[in-house]
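Descriptive analysis of the structure
Listed here are the chains, written in short residue letters.
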Amino acid sequence: MKRLSVLLVILVTAVAWAQNPDVTVKFDGRLDYRIPNGGASTQRLYDTLGRPSLLELSFRLEPGLRAFVSQRLQRIAHDGDNGLLDEYYIEDEGVWRVGKQFVPFGSGAFLRESVLSARGDIDLPIEGASLSIALADAGSGRQRGVVGRLSLFDGMIGLSAAVGQHWGISGSSFTLFRRPEASPGVGAGFERVFGVDISRTFGKFNGRAEFVLMGGGSSFRDPEGEALDVSGGISPSSNRSYTVGWTLSPDHANFYRLAATLEIEKNVFLEPMVRLRNGAGYDFSLQLHLHF
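Residues numbered from 1 in each chain as written. Predicted model: local features only at pLDDT ≥ 70, side-chain atom pairs only at ≥ 80, totals over all residues. Heavy atoms only, no water.

**Some words on the overall build of the protein chain**
- A tally of helices and strands in the protein chain yields 1 helix and 17 strands.
- The globule rule puts the C-alpha radius of gyration for 292 residues at 19 Å, and the 19 Å found for the protein chain is close to it.
- Overall, the C-alpha framework of the protein chain stretches about 60 × 45 × 45 Å when taken along its three principal axes.
- A separation of at least 24 residues holds for 46% of the contacts in the protein chain among residues at least 6 apart in sequence.
- Accessible surface for the protein chain amounts to roughly 14400 Å². Of this, 60% is attributable to carbon and sulfur atoms. (Helix = DSSP H or I, 4+ residues; strand = E, 2+ residues; numbered from the N terminus. Rg over C-alpha atoms; globule rule 2.2 N^0.38 Å. Contact = heavy atoms within 4.5 Å. Areas by Shrake-Rupley, 256 points an atom, 1.4 Å probe, with all protein chains shown as cover.)

**What to know about the side chain of Arg 257**
- Its place among the elements puts Arg 257 in strand β15 (residues 254-265).
- Among the residues examined, Arg 257 registers a relative accessible area of 13% and is labelled buried.
- Engagement of the side chain of Arg 257 in a polar contact is seen with the side chain of Asp 229, the distance being 2.8 Å.
- The contacts of Arg 257, once residues within four sequence positions are left out, are Leu 176, Arg 208, Asp 229, Ser 231, Thr 243, Val 244, Gly 245, Trp 246, Thr 247, Met 273, Val 274 and Arg 275. (Buried < 20%, exposed > 50% of the residue type's maximum accessible area, 1.4 Å probe, protein only. Polar contact = N/O pair within 3.5 Å; in protein donor to acceptor, adjacent residues only side chain to side chain.)

**Let's talk about the pairing of strand β13 (residues 225-237)**
- Sheet analysis places strand β12 (residues 205-215) next to β13, joined by 10 bridges and oriented antiparallel. Bridging across to β13, Asn 206 finds its partner in Gly 233.
- Summarising the sheet, β13 and strand β14 (residues 240-248) pair through 8 bridges and their orientation is antiparallel. Paired with Ser 231 across the two strands is Gly 245, which belongs to β14.
- Counting the residues in the hairpin turn of β13 and β14 gives 2 residues. (Pairing = 2+ DSSP bridges.)

**A closer look at the confidence of the model for the protein chain**
- Looking at the protein chain as a whole, the pLDDT averages 92, with 92% of positions reaching at least 70.
- Contacts from residues 1-6, a stretch scored under 50 in pLDDT, to residues over four places away or in other chains number 6 contacts. (pLDDT = per-residue confidence, 0-100.)

**Observations regarding the environment of Arg 72**
- Here Arg 72 shows up in strand β4 (residues 66-72).
- When its relative accessible area of 8% is taken as the criterion, Arg 72 is described as buried.
- In this structure, the C-alpha to C-alpha distance between Arg 72 and Arg 112, residues 40 residues apart in sequence, is 15 Å.
- When near neighbours in sequence (up to four residues on either side) are disregarded, Arg 72 contacts Pro 52, Ser 53, Leu 54, Asp 79, Asp 81, Gly 83, Leu 84, Asp 86 and Lys 100.
- A distance of 2.9 Å separates the side chain of Arg 72 from the side chain of Asp 86, its partner in a polar contact.

**Remarks on the pairing of strand β8 (residues 130-137)**
- As judged from the 7 bridges shared by strand β7 (residues 114-123) and β8, these two strands associate in the antiparallel manner. Opposite Arg 119, over in β8, you have Ala 134 as the bridge partner.
- Connecting the antiparallel pair β7 and β8 is a turn made up of 6 residues, with Gly 128 showing a positive phi of about 80°.
- Two strands pair when backbone bridges link them, and β8 and strand β9 (residues 144-152) are joined in this way by 8 bridges, in the antiparallel orientation. When the sheet's bridge partners are listed, Ser 130 is paired in β9 with Ser 151.
- Joining the antiparallel neighbours β8 and β9 is a turn of 6 residues, in which Gly 139 adopts a positive phi near 105°.

**Focus: the side chain of Ser 231**
- Tracing the backbone through its elements, the reader meets Ser 231 in strand β13.
- Ignoring any residue separated from it by four or fewer positions in sequence, one finds Ser 231 in contact with Asn 206, Gly 207, Arg 208, Thr 243, Val 244, Gly 245 and Arg 257.

**Brief notes about a nonpolar patch on the surface**
- A surface patch of nonpolar side chains, about 700 Å² in accessible area, is lined by Val 23, Val 25, Leu 31, Leu 45, Leu 55, Leu 57, Leu 73, Ile 264 and Leu 288.
- The greatest single-element share of the nonpolar patch, amounting to 3 residues, is contributed by strand β1 (residues 22-36).
- Within the secondary structure, Leu 288 sits in strand β17 (residues 280-291).
- For Leu 288, a relative accessible area of 31% gives the class partly exposed. (Patch = residues over 30% accessible without salt bridge, like charges linked within 9 Å, V, L, I, M, F, W, Y side chains within 5 Å. Salt bridge = Lys/Arg side-chain N within 4 Å of Asp/Glu carboxyl O.)

**What to know about unusual backbone geometry**
- A positive phi is found at Asp 154, a non-glycine position, where the angle reads about 55°.
- Locating Asp 154 in the fold gives a position in the loop between β9 and β10 (157-167).

**Description of the packing of aromatic side chains**
- As enumerated under the stated definition, the model contains 5 aromatic pairs in all.
- Judged by centre distance (6.1 Å) and plane angle (90°), the ring pair of Phe 174 and Phe 190 falls under edge-to-face. With Phe 174 in the loop between β10 and β11 (190-202) and Phe 190 in strand β11, this residue pair connects regions lying 16 residues apart in the sequence. Each member of the pair Phe 174 and Phe 190 is classed as buried.
- Chaining the aromatic ring pairs together yields one cluster made of Phe 110, Phe 174, Phe 177 and Phe 190.
- Across the ring face of Tyr 89, the terminal group of Arg 97 is positioned such that the distance to the ring centre comes to 4.2 Å.
- The positively charged end of Arg 179 is found above the aromatic ring belonging to Tyr 282, 4.0 Å away from the centroid. (Phe/Tyr/Trp six-rings, centres within 6.5 Å; stacked < 30°, edge-to-face > 60°. Lys NZ or Arg CZ within 6 Å of the ring centre and 35° of its normal.)

So, in structure tokens, the structure goes:
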């Protein structure tokens, strides 16, 4: 709380000093109805993959800096991050960023962690190559260490690493094979996670693959090993898209998913998803997604 208070004071002071800050307010709402196999249905303000409903404030300041704050509308049970603020930071876009933010690892399909950190982005002397690296410290029992992603061919290929303590404890991580509420929580997680991700777009079609290797688990709740996800999608029009995916989890279970995004009104989307685990039903979810 002390760190949060200090950063919020910095944000407010920066806005106060700017004579004419450009303020943008956005709302990203998710109402998710989920039916797990063998369990009771649930209604949540975050989706099946752990992405929350957010209220976002963005401030453009005179020196060219940007301040950003986003608040979750609902906590995830057992999440390693029990705060309602999803992100809060100040940045010189594309150069540096300081505050609570999602650390640069892969495509975000597996390790998706919002952590208090200082990040730098560097263009390398190789065409289409860049490096993003962050020093993170979320406090005792939570994520600490160094995390970064080397981007090649303008982001089509990425090499990532997170080294330190307690990586993977957020409810938004590993949700392709772990429900958001099944996060191992504070004190758990991995000492190291390495990853490779590849993505390509061909007209209306897109494809992505990501592989991660986890090691140094802090407890029995952290299954060490490898995980792989491969997905493909098609967007036949601007208001609808479809995705199929396959995930191999560390315990060698096969997860299959079929998802769609359908715009039913301007900025209002219906997003169904069905998943199988080893050929049997795992869960079904239907999400109403609003973005203003």
